[in-house]
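The residues making up each chain are set out below.
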Amino acid sequence: MRAVIHHEFGEPTDVLVVEEVPTPEPGAGEVRVRTLLAAIHNHDLWTVRGTYGYKPELPARAGTEAVGIVDAVGAGAGGLTVGQRVVAASVFGVWAEYFTAPAAQLIPIPEGIPDEAAAQLVAMPFSAISLLDSLGLKSGDWIAENAANGAVGRMLAQLAKARGINVVGLVRRADGIKELAAHGVGDIVATDDDDWRSRVEEITGGAPIAVGVESVGGAAAGDLLSLLAQDATMVVFGAMASPMMQLSSGAVIFKNITVKGFWGSQVSKNMAAEDRKRLMVELISRVTDGTLTLPVDAIHPLDEVRAASAANFTPGRNGKILLKP
């Protein structure tokens, strides 16, 4: 079979190659999956660079989320059958024609969800809903987030709205407001407007903002912090523009603000099975009823993995980049 491999860490556009490798056989408790579509996530490419929290041994495969068809079932792998469509997330090496995974890690997907949505159903959406669930907010509360037109920002706003939680989103340019409106997301403010803080005040009606979700870094982190209420929490989810945050120590001290990180992979690993099931049921329901949108910008053949990796970081793209073996 063909699989994406890198023999050294570096820029994905330089080091990723497609090679012929043996087709894997499922071990005990495992199944083999024929890949239909696989998602490209930022963390996949950071792993290729060697800069992520997980660093594989070389030569290494790539990719962590895909939708496919169960092709073979190993001994003791109960619950799944050949021909069943499943989603794999946090399964390393799915940028390939086939991959194996523990049966317990695969999620059967209802017919109503297309492959394009199923291929990106878990990693980012599950991180977004896990983050939302962890905040302990109630209907009517307010969240402020930057990178609101990023994938997780948009999903968080859509999922929060379904729970009755308000979100005011910050984007860096006015075009982002129109992009999000197409997905039913409002209450967005462009920070390139000198009067953007007044616009936030107008949207919230002066209500306290209990949580800030920070995904940009640099001065943008300080801008977000400035909006938060007394005793609020700022959750650091990403670092799109800078790995360093410029925060006012006075604001943190005198507002008694808690600043903490959120790594979805670790949260998911430690989550109780009943909570994971509850949140997955909610996710599938939101995708099925159209509340949560999972758009696709482009689908690239496996041989174009370098071009697909470059496309992932193209500003203004309108959805996920997918690979098709």
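Residues numbered from 1 in each chain as written. Predicted model: local features only at pLDDT ≥ 70, side-chain atom pairs only at ≥ 80, totals over all residues. Heavy atoms only, no water.

Some details on the overall build of the protein chain
Broken down by element type, the protein chain carries twelve helices and 15 strands. For the protein chain, the C-alpha atoms occupy an extent of roughly 60 × 40 × 35 Å along the three principal directions. Within the span of the protein chain, comprising 325 residues, buried residues form 48% of the whole. Restricting to contacts in the protein chain with at least 6 residues of sequence separation, those with at least 24 account for 68%. Summed over its atoms, the accessible surface of the protein chain is roughly 14,400 Å², and 51% of this surface lies on carbon and sulfur atoms. Positive and negative charge centroids in the protein chain, built from 27 and 37 side chains respectively, lie 3 Å apart. (Helix = DSSP H or I, 4+ residues; strand = E, 2+ residues; numbered from the N terminus. Buried < 20%, exposed > 50% of the residue type's maximum accessible area, 1.4 Å probe, protein only. Contact = heavy atoms within 4.5 Å. Areas by Shrake-Rupley, 256 points an atom, 1.4 Å probe, with all protein chains shown as cover. Lys, Arg positive; Asp, Glu negative; His and termini not counted. Charge placed at Lys NZ, Arg CZ, Asp CG, Glu CD.)

Details of helix α7 (residues 196-204)
The set of residues buried in α7 consists of W196, V200, I203 and T204. In a view along the axis of α7, the buried residues occupy a sector of 90 degrees, so they form one face of it. Tucked into the core, α7 has its buried residues touching β8 (142-145), β9 (166-171), β10 (188-190) and α8 (219-227). One or two residues past the end of α7 sits G205, with phi positive at roughly 65 degrees. (Arc of directions from axis to C-beta.)

Section: the nonpolar core
The nonpolar side chains of soluble globular proteins are, as a tendency, buried together. L121, F126 and I143 are the most contacted members of the largest nonpolar core, which has 51 residues in total. For this core, the leading source of residues is helix α4 (residues 123-134), giving seven residues. Residues in contact with L121, not counting those within four places in the same chain, are E65, I109, F126, M280, L283, I284, V287 and L294. If you look at the next biggest cluster of nonpolar residues, it comprises 29 residues, including V4, V31, A38 and V86. (Core = buried A, V, L, I, M, F, W, Y, C linked by side-chain atoms within 4.5 Å.)

Some thoughts on the packing of aromatic side chains
Summed over all chains, the structure comprises four aromatic pairs. With 5.8 Å between their ring centres and 90 degrees between their planes, Y52 and W263 make a pair best called edge-to-face. Of this pair, Y52 sits in the loop between α2 (42-49) and β4 (65-73) while W263 sits in the loop between β13 (258-261) and α10 (264-270), and the two are 211 residues apart along the sequence. For W263, a relative accessible area of 37% corresponds to the partly exposed category. Ring geometry for F237 against F262: centres 6.0 Å apart, planes inclined by 20 degrees, an arrangement best described as stacked. Of this pair, F237 sits in the loop between β12 (233-236) and α9 (249-254) while F262 sits in the loop between β13 and α10, and the two are 25 residues apart along the sequence. Grouping aromatic residues by their ring pairs yields a cluster made of W46, Y52 and W263. Its guanidinium or amino end placed over the ring of Y98, R32 lies 5.7 Å from that ring's centre, counting from NZ or CZ. In this structure, K55 is placed above the aromatic ring of F9, and the distance from its NZ or CZ to the ring centre is 5.0 Å. (Phe/Tyr/Trp six-rings, centres within 6.5 Å; stacked < 30°, edge-to-face > 60°. Lys NZ or Arg CZ within 6 Å of the ring centre and 35° of its normal.)

Side note on the side chain of H41
Examined against the element boundaries, H41 turns out to sit in the loop between β3 (30-39) and α2. The exposure class assigned to H41 is buried, which follows from its relative accessible area of 1%. Here E65 takes part through its side chain, which lies 2.6 Å from a polar atom of the side chain of H41. With residues up to four places along the chain from it excluded, the contact list for H41 reads T64, E65, A123, M124 and K320. (Polar contact = N/O pair within 3.5 Å; in protein donor to acceptor, adjacent residues only side chain to side chain.)

Regarding the layout of surface pockets
The space that makes up the second largest pocket amounts to roughly 200 Å³. As for the second largest pocket, its lining consists of 13 residues, and the residues nearest its centre are A157, K161, I165, V167 and G186. Listing elements by their share of the lining of the second largest pocket, those giving two or more residues are α5 (151-162) and β9. At three residues, α5 tops the list of elements feeding residues into the lining of the second largest pocket. (1 Å grid on protein atoms, 1.4 Å probe; cavity = no way out; pocket = protein on both sides within 12 Å on 5 of 7 lines; lining within 4 Å. Points joined across faces, edges and corners; volume = space filled by probe spheres on them.)

Some words on the sheet that holds β13
Reading across the sheet, the six strands line up as β10-β9-β8-β11-β12-β13 and stay open at both edges, with parallel pairing between neighbours. The outermost strands of the open sheet, each flanked by one partner alone, are β10 and β13. Adjacent strand axes in the sheet meet at a mean angle of 20 degrees, parallel and antiparallel pairs treated alike. Across the sheet, α5 is in contact with β8, β9 and β11 (211-214); its angle to β8 comes to roughly 170 degrees. Its contacts with the sheet put α8 on β8, β9, β11 and β12, and the angle it makes with β11 is roughly 170 degrees. (Pairing = 2+ DSSP bridges. Axes fitted to C-alpha atoms, helices over the stretch in contact; angles between N-to-C directions.)

Here we look at the environment of E25
Relative to the elements of secondary structure, E25 occurs in the loop between β2 (17-20) and β3. Those residues in contact with E25, other than ones at most four positions away along the chain, are E30, R32 and T100.

Comments concerning the pairing of β8
Consecutive side chains along a regular strand alternate between the two faces of the sheet. Covered by surrounding structure in β8 are W142 and A144 together with I143 and E145, the residues of both alternating faces. Here β8 pairs with β9 via four bridges, running parallel. Directly across from I143, in β9, lies its bridge partner V167. The parallel pair β8 and β9 is bridged by α5, and the resulting crossover is right-handed. (Right-handed = clockwise from strand over helix to strand, strands pointing away.)

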